[in-house]
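# Residue-level structural notes
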Amino acid sequence: MVVGNHPVCNAGWANCPVPSEGKEAVDRQSLTLEQEDLIKLVYQANPKTAVVLMSSFPYAINWTQENVPAIVHMAQNSQETGTALADVLFGDYNPAGRLTQTWVKDITDLPNLLDYNIRNGRTYMYFKKKPLYAFGYGLSYTTFKYNSIETSSETISKIEELKVTVSITNTGNKDGDEVVQLYLKQLESKVERPEKELKAFKRVFFKAGETKNVDLIVKAKDLEYWNTGKQVFELEKNTIEIQIGNSSDNILLKKKISAK
């Protein structure tokens, strides 16, 4: 079954009659998907239901995640939407999309709407609770094993760059893409820094059973912060943890380096 929001609320300017919907000039009042009650009825009739969530923004679909065996999320697309969806549902295309947002479980997990300081719990960099779906999350019809991580050096200085090599194996029986994500965590910073920051990623195609080395680049400027006193970007002498995973909350490999 297909559920989601109307792209323009199916209403006049500055008007959205459904609380969870929104658009330009209209803020959403809720993260709850009103159609989830319908999903429950359909699931009761057939537990093998697949839910397609076609939406312009995140929804807190907690019951659906806990009970429905298959969920496909897609955005508001073009006249080929039906063809693309059919290709995915029938297995003719192996999807590898990744979320560019943090999907929370409840609207109360977010700071006040008028609080624009992301340090107070916004984005994957500062969010303290367990999300429904993390930034960078996404599944496909195959699985991958992250084998090892190597770096071209144990240290990095200003203007330099570091090559990070990750060995990955497609452990499933279908060809597919993996989106390898590299995050950095500052372990000894003297100023407040994010919990982690995405600094590199690469989408790589693997045949079933294939192992590849994936190279990602970390630049010294990726480690810098804005020193408000000196009014310059500064590279701290610090220990940096390189984190490799397939989403921001599923880190599979780690390695420490030193910034000098």
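A brief structural summary. Predicted, not measured: the structure shown is a model, and the values here were computed from it.

### What about the pattern of salt bridges?
By the definition in use, this model includes 12 salt bridges. Its salt-bridge partner being K158, residue E224 comes within 2.6 Å of it at the nearest N-O pair. Of this pair, E224 sits in the loop between strand 9 (211–219) and strand 10 (225–227) while K158 is found in the loop between strand 5 (155–156) and strand 6 (161–170), placing the two residues 66 residues apart along the sequence. Using a relative accessible area of 18% as the deciding quantity, one classes E224 as buried. For R193, the salt bridge goes to E236, with nearest N and O atoms at 2.9 Å. In this pair, R193 is assigned in the loop between strand 7 (176–186) and strand 8 (197–206) and E236 in the loop between strand 11 (232–234) and strand 12 (238–245), connecting sequence segments 43 residues apart.

### Details of the sheet that holds strand 1 (residues 2–4)
Strand order in the open sheet formed by three strands is 1-2-3, and the pairing between neighbours is parallel. The two strands at the open ends of the sheet, each matched to only one other strand, are strand 1 and strand 3 (70–74). Neighbour-to-neighbour, the strand axes of this sheet turn through a mean angle of 25 degrees, independent of strand direction. Here three bridges tie strand 1 to strand 2 (residues 50–54), and the two strands are oriented parallel to one another. Paired with V2 across the bridge in strand 2 is V52. Strand contacts of helix 3 (residues 81–89): strand 2 and strand 3, with the helix running at about 150 degrees to strand 3, the strand carrying the most contacts.

### What about the side chain of T64?
You can see T64 is positioned in helix 2 (residues 62–67). For T64, a relative accessible area of 1% corresponds to the buried category. Here E36 takes part through its side chain, which lies 2.6 Å from a polar atom of the side chain of T64. Excluding its chain neighbours within four sequence positions, the residues that come into contact with T64 are E36, I39, V51 and I71.

### A short note on the packing of aromatic side chains
Counting across every chain of the model gives eight aromatic pairs. Between Y43 and W63 the ring centres are 5.5 Å apart and the planes differ by 85 degrees, which places this aromatic pair in the edge-to-face class. A residue pair is termed long-range when its members are at least 10 positions apart, and Y43 in helix 1 (residues 36–45) and W63 in helix 2 qualify at 20 residues. For W63, a relative accessible area of 24% gives the class partly exposed. Ring centres of Y124 and Y183 lie 5.8 Å apart, and the angle between their planes is 75 degrees; this geometry places the pair in the edge-to-face category. In this pair, Y124 is assigned in helix 4 (residues 123–126) and Y183 in strand 7, connecting sequence segments 59 residues apart. By relative accessible area, which is 16% here, Y124 ends up buried.

### Digging into the state of the cysteines
A full pass over the atoms with the stated rule returns one disulfide. Sulfur-sulfur distance for the disulfide between C9 and C16 comes to 1.8 Å. Here the disulfide of C9 and C16 is right-handed, its torsion about the S-S bond being about 65 degrees.

### Some thoughts on the sheet that holds strand 8
The five strands are arranged 5-13-12-7-8 in an open sheet whose pairing can be described as mixed. With one partner strand each, in any of the chains shown, strand 5 and strand 8 form the two edges of the open sheet. Sheet topology note: the strand 12/strand 13 (residues 251–259) ladder contains eight bridges and is antiparallel. Across the sheet, the residue bridging to I242 is K255, located in strand 13.

Quick notes on the rules
Numbers given for residues are sequential positions, taken from 1 along each chain in its written order. The predicted origin of the model limits local features to residues at a pLDDT of at least 70 and limits the giving and counting of side-chain atom pairs to 80 or more, whereas totals for whole chains, interfaces and linings rest on all residues. Only hydrogens and water are set aside; all other atoms, that is, all heavy atoms of the structure, feed into the side-chain values. Every case where a carboxyl oxygen of Asp or Glu lies within 4 Å of a side-chain nitrogen of Lys or Arg is listed as a salt bridge. The secondary structure listing takes helices from DSSP runs of H or I that are at least 4 residues long and strands from runs of E that are at least 2 residues long, numbered from the N terminus. Any residue under 20% of the maximum accessible area for its type is buried, any over 50% is exposed, and the rest in between are partly exposed; the area is computed with a 1.4 Å probe on protein chains only. A pair of strands counts as paired when DSSP detects no fewer than two bridges linking them. To obtain an axis, a line is fitted to C-alpha atoms, over the contacting stretch when the element is a helix, and the angle between two such axes runs from 0 to 180 degrees between their N-to-C directions. The contact criterion used throughout is that any non-hydrogen atoms of two residues lie within 4.5 Å. Here a polar contact means two N or O atoms within 3.5 Å. Within protein one must be a hydrogen donor candidate and the other an acceptor candidate, and residues neighboring in sequence count only if both atoms are side-chain atoms. Two aromatic rings, drawn from Phe, Tyr or Trp (for Trp, its six-membered ring), form a pair once their centres lie within 6.5 Å of each other, and the interplanar angle then sorts them: stacked below 30 degrees, edge-to-face above 60, tilted otherwise. The disulfide definition used here is simple: a pair of cysteine sulfur atoms within 2.5 Å.

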